[in-house]
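Summary of structural features
So you can see what is in the structure, the chains are spelled out below.
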Amino acid sequence: MSDFNTRNRRILLIDDNPAIHDDFRKILVADDAGASVIDAEAATIFGTDNPKSFGMAFDMDSAFQGEEALNKVRQALAAGEPYAAAFVDMRMPPGWDGLETIQRIWQVYPDLETIICTAYSDHSWQEIQRRLGTSDRLLILKKPFDKVEVQQLALALTEKWNLRRLARLHTEGLGELVRARTAELARANRSKSEFLTNISHELLTPMNGILGLAGLLKATSLDEEQGTLVSDMQHSGERLLSLIQGVLKFNTIDSGRLQLQSIPFDVQALCQSAADHQAAKARIKGLELKVSVSEGASSQAYGDPEQIKQVLTLLLDNAIKFTKRGTVSVHVQPAVTKARALEFVVTDTGCGIHPERLETLKYPFSQIDSSLTRNAEGIGMGLTLAKQLVSLMGGWLEFESKRGAGSTFRFTLPVDAPARAKAA
């Protein structure tokens, strides 16, 4: 707790009886002897071993009518010296009574800790609550009052006001820290995005050059060993090129710059194109690559064919990677869960995924084979990109697998015509 002397101890007394003001001043704005009494009471309330740490008592202002009190409250707020607490008499003829005075003051200064002083039962507690509302800033002090009771209330309520102020300042400070940190993270994210874009583009140019030279070299007269080395170089270059392109696409999605289309496309042709893109990899491994589209899914669909093809390509690449023998297939059928939607299913006869590893695939950049000696290439970006693209297109991706019996990845996408196309 900070030094009590640095805290707001300003009190406003609102009462039409001048004698009451004199009594309060004797109690709260005391001489040294009176101050020692208040210090002792403060020590009892706040548990300090050094009563003098509270010093002199309170800075008290007087108002004899409610309207005068309201003006003083406004002036104090304008001067940046608000009152911490007010003692308000219930009866103050001919002006406002205590309840109306409190109502009007709270309209301009709701933080004022308030004590109603009364010798009569003018209003029930229920009536007071009805007019003022339920508040933790309101107490009742019955007349005739004891000076120690007044001292304790003044100490407790001004301290409460100060603690509320400190809590608010702390909260505002935390809010400012959060805003500053959020802005800092946004700037860092933009810098990261720009860096990834720039470095990826810088890598693409020499990588395409290397692959072009490898292709030219492969067309020359090479012995078997040289041909193998060039093939390996070409394969490594293609994997690296795929990784760079994946980073670029991921960064485009992450920064919100990916623009989706909604145009008509041929489902059969799109699936076949994605399969053709992976046909060489499947042929090298001796795998059969199948494409089938059910009759109900063969009609014209709308969407972003480029992004759908990329999702299929990523899933096919993943399936071929983990399949040593057998078949990898793509099948499209109408979705049963949603009208005018298609379900794309990629199935393989590969090694399957252990149930424990299936759960990890829900997280970005997770890998099916995470061991140090894993045989499959990749960093888990393919599935991450596939899930993000499907989500952006308004669909969802699911997967199931059984160890030793292959895996199935399926995603469902809406393929209805956009509103403007319907109108046309």
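Residues numbered from 1 in each chain as written. Predicted model: local features only at pLDDT ≥ 70, side-chain atom pairs only at ≥ 80, totals over all residues. Heavy atoms only, no water.

Some thoughts on the overall build of the chain
- The number of helices and strands found in the chain is 12 helices and 12 strands.
- Here the chain holds 424 residues, and 41% of them are scored as buried.
- The contacts in the chain between residues at least 6 apart in sequence include a share of 74% that link residues at least 24 apart.
- A total accessible area of about 23100 Å² is found for the chain, and carbon and sulfur atoms account for 54% of it. (Helix = DSSP H or I, 4+ residues; strand = E, 2+ residues; numbered from the N terminus. Buried < 20%, exposed > 50% of the residue type's maximum accessible area, 1.4 Å probe, protein only. Contact = heavy atoms within 4.5 Å. Areas by Shrake-Rupley, 256 points an atom, 1.4 Å probe, with all protein chains shown as cover.)

Structural notes on the pattern of salt bridges
- Per the counting criterion, the structure on display carries 20 salt bridges.
- In this structure, Lys143 engages Asp89 in a salt bridge whose closest nitrogen and oxygen atoms are separated by 3.0 Å. Remark: Asp89 occurs in strand 3 (residues 85–89) and Lys143 occurs in the loop between strand 5 (138–142) and helix 6 (147–218); sequence separation between them is 54 residues. (Salt bridge = Lys/Arg side-chain N within 4 Å of Asp/Glu carboxyl O.)

Concerning the nonpolar core
- Ranked by internal contacts, the top residues of the largest apolar core, which has 41 residues, are Ile308, Leu312, Leu315, Phe344 and Phe411.
- At 8 residues, helix 9 (residues 305–321) tops the list of elements feeding residues into this core.
- Once residues within four sequence positions are removed from consideration, Phe344 is found in contact with Cys271, Ile308, Leu312, His331, Val332, Phe409, Arg410, Phe411 and Leu413.
- Grouped together as the second largest cluster of nonpolar side chains are 25 residues, Leu12, Ala69, Tyr83 and Met90 included. (Core = buried A, V, L, I, M, F, W, Y, C linked by side-chain atoms within 4.5 Å.)

A closer look at unusual backbone geometry
- Put simply, Pro93 and Pro94 share a cis peptide bond, and its omega is 10°.
- Structurally, Pro94 is set in the loop between strand 3 and helix 4 (98–108).
- The omega torsion across Lys143 and Pro144 is -10°, close enough to zero to call that bond cis.
- Within the secondary structure layout, Pro144 lies in the loop between strand 5 and helix 6.

Focus: the environment of Val108
- With respect to the element layout, Val108 can be found in helix 4.
- Val108 sits in the partly exposed class, given a relative accessible area of 33%.
- Here the alpha-carbon distance between Val108 and Leu77, two residues 31 residues apart in the chain, equals 9.2 Å.
- In this view, Val108 contacts Leu70, Val73, Arg74 and Leu77; residues no more than four positions away in its chain are not counted.

A few points about the side chain of Gln278
- On the secondary structure map, Gln278 appears in helix 8 (residues 267–284).
- According to the relative accessible area criterion, Gln278 is buried, its value standing at 2%.
- Leaving out residues up to four positions away in the same chain, Gln278 has contacts with Leu289, Thr313, Leu316, Asp317 and Ile320.

A look at the packing of helix 6 against helix 7 (residues 224–254)
- At a minimum axis distance of 9 Å, the contact between helix 6 and helix 7 shows a crossing angle of 155°. One finds that helix 6 runs roughly antiparallel with respect to helix 7. Note on packing geometry: the crossing formed by helix 6 with helix 7 is left-handed.
- Looking at side-chain class alone, the contact of helix 6 with helix 7 contains 14 nonpolar, 12 polar and 4 charged residues. (Axes fitted to C-alpha atoms, helices over the stretch in contact; angles between N-to-C directions. Parallel < 35°, antiparallel > 145°, perpendicular 65-115°, else oblique. Left-handed = near helix turned anticlockwise from the far one by under 90°. Nonpolar A, V, L, I, M, F, W, Y, C, P; charged D, E, K, R; others polar.)

Considering the sheet that holds strand 5
- Read across the sheet, 5 strands follow the order 2-1-3-4-5 without closing on themselves; strand pairing throughout is parallel. In this open sheet, the two strands that pair with only one neighbour each are strand 2 (59–63) and strand 5. Between one strand and the next, the sheet's axes are offset by a mean angle of 20°, whatever the strand orientation.
- Pairing analysis gives 5 bridges linking strand 1 (residues 10–14) to strand 2, with the strands arranged parallel. Residue Ile14 lies in a different strand from strand 2, and its bridge partner there is Ala63.
- Contacting strand 4 (113–118) and strand 5, helix 5 (residues 125–132) crosses the sheet at an angle of about 145° to strand 5. (Pairing = 2+ DSSP bridges.)

Remarks on the confidence of the model for the chain
- Mean pLDDT over the chain stands at 84; residues scoring 70 or higher make up 84%.
- Taken as a whole, residues 1–5 scores under 50 in pLDDT and shows 13 contacts with residues more than four places along the chain or in a different chain. (pLDDT = per-residue confidence, 0-100.)

Things to note about helix 9
- A rise of 1.5 Å per residue sets the reference length of helix 9, with its 17 residues, at 24 Å; its end C-alpha atoms lie 24 Å apart and thus fit the reference within 8%.
- Counted residue by residue, helix 9 has 13 buried out of 17 residues, so it is predominantly covered. (Expected span 1.5 Å × (residues − 1).)

Here's the deal with the side chain of Asp304
- When you line up the elements, Asp304 lands in the loop between strand 8 (301–303) and helix 9.
- Every residue in contact with Asp304, bar those within four places of it in the chain, is listed here: Gln259, Leu260, Gln261 and Met393.

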